[in-house]
Amino acid sequence: MTAALLAGPAAAAPAVGELPPDALGDDRDGQAVRASDFRGRILITTFWASWCGPCLRELTLLERLQQVVGRERLAVVGVNWKEDRARYQEILRRLAGLQLTLTHDPRGRIGARYGVEAIPRLFLVDADGRVAYTHTGYDPETSLPRLVDEINRLLPRLPSAGPAPAGASPAS
């Protein structure tokens, strides 16, 4: 079963091959995070909310992928979508151990530029800064293998990157 929790209408999502919107919100320290900050490595941007169980499972999966591949080759930005500041601060405390970059989109403006209508909503961006793959929803049976395969396709295109490390699947 694929989980995708629906919301209201948004603009068209950036298509494969296009540059995604640059602004991704502010991190835990109040610093602006931009997609262009991650050029030269693979970027995963995912939109999530604390009330979305599949989103939280996906964040854990993305944390493990970032650890296995290495932050110098794969960065994950989780954009908290349409939650008030108090709830966001509360969930940040719960997720304090994660090494992901987490940002906040309380009014859904960033999500609207990404065409987010359902969460979790994920964009996989290549080292040149262009959208390579997109996903809506999270399926515990298929999401991990599909994402590992897509990352492995992008890794050889990174500067001085070889194939993914053996055992790149966190599920093994």
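Residues numbered from 1 in each chain as written. Predicted model: local features only at pLDDT ≥ 70, side-chain atom pairs only at ≥ 80, totals over all residues. Heavy atoms only, no water.

Novice: Which parts of the structure should I look at to understand the overall build of the protein?
Specialist: If you tally the helices and strands in the protein, you get four helices and nine strands. For the protein, the succession of helices and strands along the chain, N to C, is β-β-β-β-α-β-α-β-α-β-β-β-α. Within the span of the protein, comprising 172 residues, buried residues form 51% of the whole. Contacts spanning at least 24 positions in sequence make up 73% of the contacts within the protein whose residues lie at least 6 apart. Of the roughly 8,100 Å² of accessible surface on the protein, 50% is carried by carbon and sulfur atoms. (Helix = DSSP H or I, 4+ residues; strand = E, 2+ residues; numbered from the N terminus. Buried < 20%, exposed > 50% of the residue type's maximum accessible area, 1.4 Å probe, protein only. Contact = heavy atoms within 4.5 Å. Areas by Shrake-Rupley, 256 points an atom, 1.4 Å probe, with all protein chains shown as cover.)

Novice: Teacher, can you tell me more about the pattern of salt bridges here?
Specialist: Here the idea is simple: oppositely charged side chains can pair when their charged atoms come close. Scanning the entire structure with this criterion turns up three salt bridges. With a closest N to O distance of 3.9 Å, arginine 87 and glutamate 83 form a salt bridge. Among the ionic contacts, a cluster of salt bridges with common partners joins Glu83, Arg87 and Glu90. (Salt bridge = Lys/Arg side-chain N within 4 Å of Asp/Glu carboxyl O.)

Novice: Please explain unusual backbone geometry as it appears in this structure.
Specialist: The general pattern is negative phi for most residues beyond glycine and trans for most peptide bonds. Following isoleucine 119, the chain continues into proline 120 via a peptide bond in cis, with omega recorded as -5 degrees. As for its placement among the helices and strands, proline 120 is situated in the loop between β7 (118-119) and β8 (121-125). Residue lysine 82 is not a glycine yet carries a positive backbone phi of 60 degrees. Tracing the chain through its elements places lysine 82 in the loop between β5 (74-81) and α2 (85-94).

Novice: Teacher, can you tell me more about the sheet that holds β5 here?
Specialist: The pairing of strands in a sheet comes from backbone hydrogen bonds and takes either a parallel or an antiparallel form. Pairing is mixed across the open sheet formed by five strands, whose spatial order is β6-β5-β4-β8-β9. This sheet does not close on itself; its edge strands, each paired only once, are β6 (101-105) and β9 (131-136). On average, each strand axis in the sheet is tilted by 15 degrees relative to the strand beside it, whichever way the strands run. Here α2 sits on the sheet and contacts β4 (42-48), β5 and β6; the angle it forms with β6, its principal contact strand, is near 170 degrees. (Pairing = 2+ DSSP bridges. Axes fitted to C-alpha atoms, helices over the stretch in contact; angles between N-to-C directions.)

Novice: Quick question: what am I supposed to make of the state of the cysteines here?
Specialist: Two cysteines form a disulfide when their sulfur atoms are joined by a covalent bond. In total, this model carries one disulfide according to the counting rule given. One disulfide in the model links cysteine 52 with cysteine 55; its S-S distance is 2.3 Å. On the S-S bond that ties cysteine 52 to cysteine 55, the torsion sits near 75 degrees, and the link is right-handed. Assigned by exposure class, cysteine 52 and cysteine 55 land together as buried. (Disulfide = S-S within 2.5 Å.)

Novice: Before we go on, may I ask you to explain the pairing of β6 in this structure?
Specialist: Side-chain direction in a regular strand flips from residue to residue, so the side chains alternate between the two faces of the sheet. Across the five residues of β6, five count as buried, placing the element largely inside the fold. Both faces of β6 are covered, namely the face carrying Thr101, Thr103 and Asp105 and the face carrying Leu102 and His104. Pairing geometry for β5 and β6, over five bridges, is parallel. Bridge pairing in β6 links tryptophan 81 to aspartate 105. Regarding the hand of the β-α-β motif, the stretch spanning β5, α2 and β6 is right-handed. (Right-handed = clockwise from strand over helix to strand, strands pointing away.)

Novice: When you look at the nonpolar core in this model, what are you seeing that I'm missing?
Specialist: Counting 51 residues, the largest nonpolar core has Ile44, Phe47, Leu65, Leu124, Leu147 and Ile151 as the members making the most contacts within it. Among the secondary structure elements, those contributing two or more residues to this core are β4, α1 (53-69), β5, α2, β8, β9 and α4 (143-154). Broken down by element, this core gets its largest block of residues, seven residues, from α1. (Core = buried A, V, L, I, M, F, W, Y, C linked by side-chain atoms within 4.5 Å.)

Novice: What should I look at first to understand α1 in this one?
Specialist: Residue pairs three or four apart in sequence face the same way in an α-helix, which turns once every 3.6 residues. For α1, spanning 17 residues, the distance from its first C-alpha to its last is 25 Å, which sits close to the expected 24 Å at 1.5 Å a residue. Those residues of α1 lying buried are Pro54, Cys55, Leu56, Glu58, Leu59, Leu61, Leu62, Glu63, Leu65, Gln66 and Val69. For α1, the secondary structure elements touched by its buried residues are β4, β5, α2, β7, β8 and α4. Of the residues trailing α1, glycine 70 is marked for its positive phi of about 100 degrees. (Expected span 1.5 Å × (residues − 1).)

So, to be careful, I would describe these as geometric facts and stop short of saying anything about function.
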